[in-house]
Every structure is written in C-alpha cells, then in structure tokens.
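# Summary of structural features
In case you want the letters, here they are:
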Amino acid sequence: MLEVRGLEVRYHAAVAVDDLDLHVEEGEVVALIGPNGAGKTSTLLALLGLVACRGEIRYQERTLNGIEPEERVARGLVLVHERRQLFGEMTVEENLLLGAFARYKRGERHLEGDLERVYALFPRLAERRCQLAATMSGGEQQMLAIGRALMARPRLLLLDEPSLGLAPLIVKEIFGILRRLKAEGTTILLVEQNARAALELADRGYVLEAGRVVLQGPAAELREDPRVIEHYLGIHGEGSG
Amino acid sequence: MDPLIFGFLLSDGLISGALYALVALALVLVFAVTRVILIPMGEWVVFAPLTQAVLLEGRLPGTVWLSAGLLLVWAVLDRRRGRTPLLLALAAALVVAAGYLGLAVPALAPLVAILVVLPLGPANFRLFFEPLPGATVLVYLILAVGLHFVYKGLGLAFFGPEQFGLPALLPGEASVFGLPVPRQGVLMVVAAGALMAALYLFFARSLFGKALRAAAVNRIGARLSGISVREAGRVAFLLATGIGALAGVLVAPLSNASYEMGFLLGLKGFVAAIVAGLSSYPLAVAGGVLVGVLESFSSFFASAYKEAIVFALLLPVLAWRSVSSLALEEEE
Ligand SMILES: Nc1ncnc2c1ncn2[C@@H]1O[C@H](COP(=O)(O)OP(=O)(O)OP(=O)(O)O)[C@@H](O)[C@H]1O
Ligand SMILES: [Mg+2]
C-alpha cells in the first residue's frame, strides 16, 4: 500500500531523515520507534508532503511526488499530527466535520453516519460535541484529533505519538481504540515513544536512529531484541500498553 | 444642534459607513485567510461603477480586456492542472461576452460591471501572491502597494481623470423617520445588511465557510483535513472582490465615481479594518460605521479636516491595540 525508497529530509544543512526505506502493506499496523529527534515526525510530514523531501514515495501503486497534501488526504492518506493541529475556536463537531472536508468537496453529503461512528468510538466526544476544541483536556484533544482523521475515512492512518503527554489511563484508552481500528482492518503507521505499547499493537516495526533505520522486523521479534529491550522497553512506563 | 441636520448627517454617515463596513469586511477576510493587506481593494471597488459608466456611454471598458487577459495568463500558468485551464479560458470568454451584453442591454450594466471586476481578485492572488506562500506580512504589503500603483495607473488609462455620474438603481427619495433619504442610500444600507447576514450564515453554517475559517486560523490543521490553503486564498479574494464591486456599484450613484477615489476609499476601509485588529468581522462593521459617521459629522463641523479627523482615529485605536496585543504581531 505504501512504499518509500531513499527518503531524505533536510532542514537547511541538517539531515533529519537519511536514505530511509519503509513499506506498509494493506491491513498492517506498522510501528516506527526511536529516540527524540530521530526523524520520525519528519518522515510522516514528508509522507504527507508537508516538508520537502527527496526519494520516492509510492502509495496505492502510484507515486506521490509532486502531489499536494490536500490531494493525498483526499486519497486516504491521513495524519494525526504530533501537535494535533485542531481548530481551537471551533466546536468538537465542527472539527470532526472539517475532517471530512475532502469528501464533502467531492460531493459526499451524508456525514452523519461517520459522526456517529466516531462518537461511538469516543463517547467523550459525543458528550462534548458543542464544546470548543481549545477548552478540552489534552486527552480529549488527542481523541478529537484521531476522530477528525477518521472522518476522512483513511485508507492509511498515520499517527504521530498519540500517547504524547497523556496520563497512563488515557494512553490505555487510546491504545484500546487503536486496537479496535486494527481489528476493523484499518492500515496504520504508528510513530511512538511508548515502544512497549506500540510493539504490542503492531505487526511489524522499524527502529529509527539519527534519521536511519537501524532495526526492523516483526513486532514480536523486535520485542525480544536485546537492543530494543535495553533502549526502548527498559525505561518506558510499565503501566502502559 | 438642529435635529434635522443631525438626522441628515447621521443618515449620510450610515450610508458611507455601510460602504466602509463592506470594504473593511473584505479586507479582514483577505487578511485572515492570506495575510495580505489588500491595498488595491479601493481601486477594484471604483473599477466596478467606472466600468458601468463606460458601458452606459456605449464603449467597451478596458477592464473587460484586463480581466479576460489575467484569466488567460492564469490559464497558461495552470495549463497542466486538468480541466482548470479550460474553465479559466471559458471564464475569460464569458467576461468578454458579458461586456458586449452590457453594451447591448444598459439595464444589465451594473451586473455586468460586477462580473467584469470579479476575476481581478483571484487572478491577482494567483499571479502575484500564490507564488510566494508563507512570505511575511511585510513582503505581501510591499507587493500590495505595488499593485495599488499599477491599478491606479490602469484606472487613469481606462477611464480618464473625469468624474462619472451614475443613474440610481432606485431613483427617488424615501422618508425614513420623517427624514427624506435617497432610495439608493436605503438600498445601500439594506443590501450591506443582507450581504453581512449572508456572509455570517456562510461562515457559521456551511462547511465551505467553516473550511475557509479553518484555513485562516490553522494552516497545517486545514491541510491535514484536506482543505487547500491556496484555494481558500482564491476564494477569499473572490469573495472580497465581489463584496467590494457590489459596494462600489451601490454607492456610486450617490457620490459619483472617478479613478482616484479608490485609494481614499480603500484607506478608510482599512482604518475600519484596523479598528477590528484586522481580525474581527463584527468589529470591522462597527469600525466602518464609525468611520462613516465620523466623516459625515466632521465634514459639517470642520470640512477642511474631514480626512485628517478620520485618519486621526487610527492613533487612539493603534495605541489601544498595541496595549492589548495586536493580532498582526501574534501571528508572526
Ligand atoms: N522545522 C525544522 N527546522 C529545523 N530542524 C528541524 C525542523 N523540524 C525538525 N528538525 C530537526 O530534525 C530532526 C528530526 O526531528 P523530528 O521532529 O523528525 O524527530 P522525531 O523523531 O519526531 O522526534 P520526537 O520524538 O522528539 O518527536 C531533529 O534534529 C530536529 O531538531
Ligand atoms: Mg516527533
């Protein structure tokens, strides 16, 4: 479904992603883990076309080079941004509906079913559908960001650290949702610092360091890898996952 | 003060206030979505009644060729974008056809004039601002000032220096609270109110309007939701030019029109927009009315200083705004 070859992202002189190869198959959940500054976010932004990059990105058998981010979203490549990027002065429901804007523009007018589906996944959003996004708690905002992405009916959902800065209980809740999405067959590329939870959910994983893939393989194998255990599983919160 | 004079000054102020309010709304909209302070707006506003006037004289105005030409340049720039160039070429042909229609049927001239001016906004955005995404407010401002001079020159070339009188769309006078007011003035205020209500509904209710707001407040969030920020910019420019052209056509029968009126008009709209911190639509309307009323009363009491008094309004507003953080600075 997604095939990336020789991806390179530079900010001026600094190389953030260096010759990265990566692929995601239909129905798979793939984890991308690595320390701060490894280039995980840069990779996702490049996939969406939000930063300039070199290399080839193929999605659904077609190249994405030269295609605008909006068009990529319309084709089902949808990102939940590290910083969520909600519309703070708009209500929860307006945020969700705007998530479906690409579909609305194509002429799809029946978004109620999608709203109900998101509200069923996140009952808290349903209770707060008229609340302004900016006034919600961090966990609720993360749910809204994921809900907004789902409104676009993603074929490949890119998630950038959905557990960032959240209490363990909320993290558990969010990973529960991701598990449900996986069970429904959603293809996911998940970037996480919480390697334990990510590798428990994922089918396969990549470990990124300083912009390069240093390890990759089935998630079950990565969980047993001594380097991963030492660097990524040892320190992280036991309670999550 | 004589209540009758007070009434006249107030109604005069409200009528020009409606004009400034519309121009201010257009400026706020454009700034919110694109960060462009649209100085040439005033020129485009007067281009509409001037186009109408020349049509009524039985000549095809230069704005017709300008509009059609810009659309064609745009079509060439976007030649690889599927059906877009074809649609743009079609729009250019439509503009020319509308011009000839306006010649043949004088009653349609006001409508034709708006239609002819309409493409100027989005085409200028596409040609001059879109190639510089993410430039600073200052760069855009310099570009806008440059365009203002270009359009002022074009205005002189197309329409000459003279003033044109235009027939009222609604001739005669109406009595408002016992005060005789030109029907055209009533039309101006009512149309402005209706347009504001329509804009409010558009931004508050329709998903397209919300998408435009979304593109204004959070570009990355908008793009993540599949909203094209460029398209939002084009739509903002289109709406703004439409609002401005309509306001121009409505007000011209009351005040005449000449190419050099545009700048001052745009500047007064800008003062009103500054009152609103270039960010609040309701405040922009309030600012427009304030500028109109202030202008009307100062032209009675101190007519030599009437412009100075309006622009002096900027000082307390700017002082107050710089204390309570200007929207402009926050965003940068
Ligand atoms: N806009 C930018 N300008 C300059 N350098 C940047 C920019 N964005 C990221 N970088 C740099 O690129 C490198 C990779 O950053 P990136 O955000 O992709 O890392 P990350 O793996 O997502 O880290 P984290 O886990 O902390 O989110 C870092 O060294 C960062 O400082
Ligand atoms: Mg990151």
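None of these values were measured; they are calculated from a predicted model.

Reading guide: rules and limits
Residues numbered from 1 in each chain as written. Chains lettered and ligands numbered in written order. Predicted model: local features only at pLDDT ≥ 70, side-chain atom pairs only at ≥ 80, totals over all residues. Heavy atoms only, no water. Pairing = 2+ DSSP bridges. Helix = DSSP H or I, 4+ residues; strand = E, 2+ residues; numbered from the N terminus. Contact = heavy atoms within 4.5 Å. Axes fitted to C-alpha atoms, helices over the stretch in contact; angles between N-to-C directions. Near = heavy atom within 4 Å. Polar contact = N/O pair within 3.5 Å; in protein donor to acceptor, adjacent residues only side chain to side chain. Areas by Shrake-Rupley, 256 points an atom, 1.4 Å probe, with all protein chains shown as cover. Patch = residues over 30% accessible without salt bridge, like charges linked within 9 Å, V, L, I, M, F, W, Y side chains within 5 Å. Salt bridge = Lys/Arg side-chain N within 4 Å of Asp/Glu carboxyl O. Buried < 20%, exposed > 50% of the residue type's maximum accessible area, 1.4 Å probe, protein only. Buried area = accessible area lost by both parts, 1.4 Å probe. Nonpolar A, V, L, I, M, F, W, Y, C, P; charged D, E, K, R; others polar. Phe/Tyr/Trp six-rings, centres within 6.5 Å; stacked < 30°, edge-to-face > 60°. Lys NZ or Arg CZ within 6 Å of the ring centre and 35° of its normal.

What follows deals with the sheet that holds strand E2 (residues 14-24) of chain A. All names here are of chain A. Strand order in the open sheet formed by four strands is E2-E1-E4-E5, and the pairing between neighbours is antiparallel. Of all strands in the sheet, those with a lone pairing partner are E2 and strand E5 (62-63), marking the two edges. Summarising the sheet, strand E1 (residues 2-11) and E2 pair through seven bridges and their orientation is antiparallel. Within E2, the residue paired with Arg-10 across the bridge is Val-15. With respect to the sheet, helix H1 (residues 40-48) is in contact with E1, E2 and strand E4 (54-59), its orientation differing from that of E1 by roughly 115°.

Residues and elements named next belong to chain A. Taken together, 13 residues sit near ligand 1, with Lys-40, Thr-41, Ser-42, Glu-82 and Gln-193 positioned nearest. One nitrogen or oxygen atom from the main chain of Ala-38 is found 3.2 Å from an oxygen atom belonging to ligand 1. At 2.6 Å, a side-chain N or O of Gln-193 approaches an oxygen atom of ligand 1. When the free accessible area of ligand 1 is taken as 640 Å², the share hidden by the protein chains comes to 59%. Among the elements that make up the shell around ligand 1, the one with the highest residue count is H1 (three residues).

Before going further, it helps to examine the sheet that holds strand E8 (residues 187-192) of chain A. Residue and element names in this part refer to chain A. Across the sheet, which stays open at both edges, the six strands sit in the order E6-E7-E8-E3-E9-E10 with mixed pairing between neighbours. Only two strands of the sheet have a single neighbouring strand rather than two, namely strand E6 (77-80) and strand E10 (212-218). For this sheet the average axis-to-axis angle between neighbouring strands, irrespective of direction, equals 15°.

What follows is about a nonpolar patch on the surface. Residues and elements named next belong to chain B. A cluster of nonpolar residues, Met-1, Ile-5, Phe-6, Leu-10, Leu-14, Val-189, Phe-300 and Phe-301, forms a patch on the protein surface that exposes about 710 Å² of accessible area. Contributing elements (two or more residues each) for the nonpolar patch: helix H1 (3-34) and helix H13 (281-301). Element by element, the count of residues in the nonpolar patch is highest for H1, at four residues. Along the chain, Leu-10 falls in helix H1. Judged by relative accessible area, which is 31%, Leu-10 ranks as partly exposed.

Further remarks concern the interface of chain A and chain B. Listed by partner, the interface residues are 24 residues for chain A and 21 residues for chain B. Summed over both partners, the interface of chain A with chain B comes to about 2100 Å²; 64% of that surface belongs to carbon and sulfur atoms. Three residues stand out in chain A for area buried against chain B, namely A:Glu70, A:Phe87 and A:Phe101, and they jointly supply 28% of the buried area on that side. Counting across the chain A and chain B interface gives five salt bridges. Salt-bridge contacts for A:Glu68 lead to B:Arg223; the nearest nitrogen and oxygen are separated by 3.2 Å. Where chain A packs against chain B, one counts six residue pairs in polar contact (both at pLDDT 80 or more). Listed by contribution, the elements that provide at least two residues to the side of chain A that touches chain B are helix H2 (69-74), helix H3 (92-99) and helix H4 (101-105) of chain A. Broken down by class, the residue content of the side of chain A that touches chain B amounts to 14 nonpolar, three polar and seven charged.

Attention now goes to the pattern of salt bridges. Taken as a whole, this structure holds 30 salt bridges over all chains when the rule is applied. Here B:Asp78 and B:Arg234 are joined by a salt bridge, their closest N and O atoms 3.7 Å apart. Of this pair, B:Asp78 sits in the loop between helix H3 (62-77) and helix H4 (84-104) while B:Arg234 sits in helix H11 (residues 229-255), placing them 156 residues apart in sequence. Taken individually, B:Asp78 and B:Arg234 each receive the classification buried, so the pair is uniform in this respect. Taken together, the shared-partner salt bridges in this structure form one network comprising A:Glu68, A:Glu70, B:Asp78, B:Arg81, B:Arg126, B:Glu130, B:Arg223, B:Arg230 and B:Arg234.

This next bit is on the packing of aromatic side chains. One pass over the structure, following the stated rule, counts 13 aromatic pairs over all chains. A centroid spacing of 5.5 Å and a plane angle of 85° characterise the contact between B:Trp44 and B:Tyr151, whose relative ring orientation is edge-to-face. Linking B:Trp44 in helix H2 (residues 41-56) with B:Tyr151 in helix H7 (residues 137-159), this pair joins segments that are 107 residues apart in sequence. Summarising the burial analysis for this pair, B:Trp44 and B:Tyr151 share the class buried. Judged by centre distance (5.0 Å) and plane angle (85°), the rings of B:Phe300 and B:Phe301 are edge-to-face. An aromatic cluster is built from B:Trp44, B:Phe47, B:Tyr151, B:Phe158 and B:Phe159, whose rings are joined through pairwise contacts. A cation over a ring is seen here: A:Arg148 above A:Phe87, with NZ or CZ 5.0 Å from the ring centre.

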